[in-house]
Amino acid sequence: MADELKTTIRSILAAMKAPDGGGDVVSRNIVSDIFVADGKAFFSLSVPAKDAELFEPFRRDAERHIEKLDGVGKAMIALTAEKTAGEPAARPAPVEARAPTTPQAGAERRATKPGIPNVERIVAVASGKGGVGKSTTAVNFALGLRDLGLRVGILDADIYGPSIPRLLDLKDKKPQSAGGRLLMPLEAYGLKAMSIGLLVSEETAMVWRGPMVVSALNQMMREVEWGHLDMLVVDMPPGTGDAQLTMAQQVPLAGAVIVSTPQDLSLIDARRGISMFRKTDVPILGIVENMSYFIAPDTGARYDIFGHGGAEVEAAAQDVPFLGAVPLDMHIRVRSDEGVPIVQAEPDGPHATIYRDMAARALAGLELGKHASEAPSIVFE
Ligand SMILES: Nc1ncnc2c1ncn2[C@@H]1O[C@H](COP(=O)(O)OP(=O)(O)OP(=O)(O)O)[C@@H](O)[C@H]1O
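Cut-offs applied
Residues numbered from 1 in each chain as written. Predicted model: local features only at pLDDT ≥ 70, side-chain atom pairs only at ≥ 80, totals over all residues. Helix = DSSP H or I, 4+ residues; strand = E, 2+ residues; numbered from the N terminus. Buried ≥ 20, exposed ≤ 12 C-beta atoms within 10 Å, placed from the backbone. UniProt positions renumbered as here; feature names shortened; annotations may be inferred. Contact = placed C-beta atoms within 7 Å. Expected span 1.5 Å × (residues − 1). Near = placed C-beta within 6 Å. Nonpolar A, V, L, I, M, F, W, Y, C, P; charged D, E, K, R; others polar. Arc of directions from axis to C-beta. Core = buried A, V, L, I, M, F, W, Y, C linked by C-beta atoms within 7 Å. Axes fitted to C-alpha atoms, helices over the stretch in contact; angles between N-to-C directions. Parallel < 35°, antiparallel > 145°, perpendicular 65-115°, else oblique. Left-handed = near helix turned anticlockwise from the far one by under 90°. pLDDT = per-residue confidence, 0-100.

1. Details of the overall build of the chain
In terms of regular secondary structure, the chain is built from 13 helices and twelve strands. The buried share among the 381 residues of the chain stands at 46%.

The following block contains the structure:
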């Protein structure tokens, strides 16, 4: 069935007139592998960057045609610009090949990535490796921003293990249509929320390559009725592979927060994450050390079992802000499992203070960056 659909999709694409006047997109070999699962079809079209605008109406028409097919509820097509002749599908440009970062270059490049209407800033929460507490940090960070008076949304883009529905107790909820192509976000504790896990199964998302992830992410960002948000927090997939790099390159991120545990191995991965964002001109708002120390539940005594402080040292070495140290504490895990994050469950407790401070520091960094990129450049001749 899926194979039949793929063939039909290819023939639909082959019959469409390419907007650049060249041959059809199928015989030009610019259509990636087509994935069909859960009633959704995903693929990318690789076109030169200069033709991206030209191909946008074509992309939308193709989605409309494909969505009329029996067995396809939704089509998601990404335009990617990195294909070199003969490659089967688009890959992100190697980071090493990119120009060095300057604040001006970063601001200019971000300006070329289309933002989301009504969403002031998009901030990524990322980690170099899985299991360090990135999602726990992302939700509590988002709630910390809410406590600072911001209108906040959270977008779970962790295709390898979406956990926001569990953390915000939204597992059994389904996003409703807002009319047309738009979806209403879910709401929890004053946050607007959307998760890739609410739209496609984990098995489907696991096989996606970078362009598919970005396509799905773009749809979640742009086809959700977020309303007016001061900040959209994106819980990134862990790691620094294809999917993450494509996201860092193509999503208009105002900044990134890196989560690490104090261990050396985690810090090496965090360094890789910092380097990836730097080379894609995304400002690093800072590092969070999660599971920094252990508070014994019976005595309240503190133990530095993982060698507390490594992330702060790394932050200094990398010349990025240190946003805070979160202890390994049973309350944090238990509250997460209950679907009521600690900032919500214990707003007056010590952990909520740590997350709110973290949010305030990141926000200060964003403000600083904004003013830096707004500053006029003075040239002495
Ligand atoms: N500070 C903490 N204290 C106690 N438990 C924590 C803490 N941070 C995270 N955890 C627990 O560690 C586990 C992993 O956390 P989480 O899912 O946030 O990690 P992640 O980095 O997003 O993982 P993945 O890479 O799988 O997405 C969860 O059970 C969570 O409750």
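2. Some remarks on the UniProt feature "binding site: ATP" (unreviewed entry) in the chain
Following the UniProt record, one finds the feature "binding site: ATP" (unreviewed entry) at Gly 128, Lys 129, Gly 130, Gly 131, Val 132, Gly 133, Lys 134 and Ser 135. Relative to the elements of secondary structure, Gly 133 occurs in the loop between strand E4 (119-126) and helix H4 (134-147). With 21 C-beta atoms counted inside 10 Å, the residue Gly 133 sits in the buried group. Those residues in contact with Gly 133, other than ones at most four positions away along the chain, are Val 259, Asn 290 and Met 291.

3. Here's the deal with helix H9 (residues 264-279)
With 16 residues, H9 extends 23 Å from end C-alpha to end C-alpha; this agrees with the ideal 22 Å at 1.5 Å per step. Among the residues of H9, Ser 266, Leu 267, Asp 269, Ala 270, Gly 273, Ile 274, Met 276, Phe 277, Arg 278 and Lys 279 are the ones counted as buried. Each element contacted by the buried residues of H9 is listed here: E4, helix H8 (242-250), strand E9 (255-260), strand E10 (284-295) and helix H10 (310-318). Asp 281 occupies a position one or two residues after H9 and carries a positive phi of about 65°.

4. Things to note about the site of the ligand
Neighbouring the ligand are 20 residues, the closest being Gly 130, Gly 133, Lys 134, Ser 135 and Thr 136. Elements with a minimum of two residues in the shell around the ligand: H4, E10, strand E12 (322-328) and helix H11 (330-338). Along the lines of polarity and charge, the residues of the shell around the ligand split into six nonpolar, ten polar and four charged.

5. Concerning the environment of Ala 315
Summarising the element assignment, Ala 315 is placed in helix H10. Separated by 53 residues in the primary sequence, Ala 315 and Pro 262 place their C-alpha atoms 11 Å from one another. Setting aside anything within four residues of it in sequence, one finds Ala 315 in contact with Gly 286, Ile 287, Val 320, Pro 321 and Phe 322.

6. What to know about unusual backbone geometry
Of note, the phi angle at Tyr 189 is positive, near 50°, even though the residue is not glycine. Take Tyr 189: it is sitting in the loop between strand E6 (186-188) and strand E7 (191-195). Classification of Tyr 189 as partly exposed rests on a count of 18 C-beta atoms within 10 Å. At Met 291, a residue that is not glycine, the phi angle is positive and equals roughly 55°. Positionally, Met 291 belongs in strand E10. Residue Met 291 is classed as buried on the basis of its C-beta count, with 24 C-beta atoms lying within 10 Å.

7. Remarks on the environment of Leu 265
Tracing the backbone through its elements, the reader meets Leu 265 in helix H9. Separated by 143 residues in sequence, Leu 265 and Ile 122 place their C-alpha atoms 28 Å apart.

8. Notes on H11
Those residues of H11 not exposed but buried are Ile 332, Arg 335 and Ser 336. Here the buried residues of H11 occupy an arc of 105° about the axis, which is enough to place them on one side. The exposed residues of H11 that point more than 90 degrees off its buried face are Met 330, Val 334, Asp 337 and Glu 338. Of the residues one or two after H11, Gly 339 is the one with positive phi, at around 85°.

9. A short note on the nonpolar core
Counting residues in each nonpolar core, the largest one holds 104 residues, and the members touching the most others are Val 233 and Val 257. Look past the residues within four positions of Val 233 in its chain and what remains in contact with it is Val 123, Val 125, Ala 138, Phe 141, Ala 142, Val 152 and Ile 154.

10. Some thoughts on the packing of H9 against H10
In contact at an axis separation of 10 Å, H9 and H10 are set at 30° when each is read in the N-to-C sense. It follows that H9 is roughly parallel to H10 by the angle criterion. For H9 against H10, the interelement crossing comes out right-handed. Counted together, Asp 264, Leu 267, Ala 270, Arg 271 and Ile 274 of H9 and Gly 310, Ala 311, Glu 314 and Gln 318 of H10 form the full contact between these two elements. Here the residues of the contact of H9 with H10 are counted per class, giving four nonpolar, two polar and three charged.

11. Quick notes on the confidence of the model for the chain
This prediction gives the chain a mean pLDDT of 81; 83% of its residues lie at or above 70. The element-level mean pLDDT for the chain is lowest in helix H3 (residues 103-112), coming to 53, with helix H12 (residues 342-345) highest at 97. Per-residue pLDDT stays below 50 along residues 82-103; that stretch engages in 38 contacts with residues further than four places along the chain or on separate chains. Scoring of the predicted complex yields 0.73 for pTM and 0.97 for ipTM.

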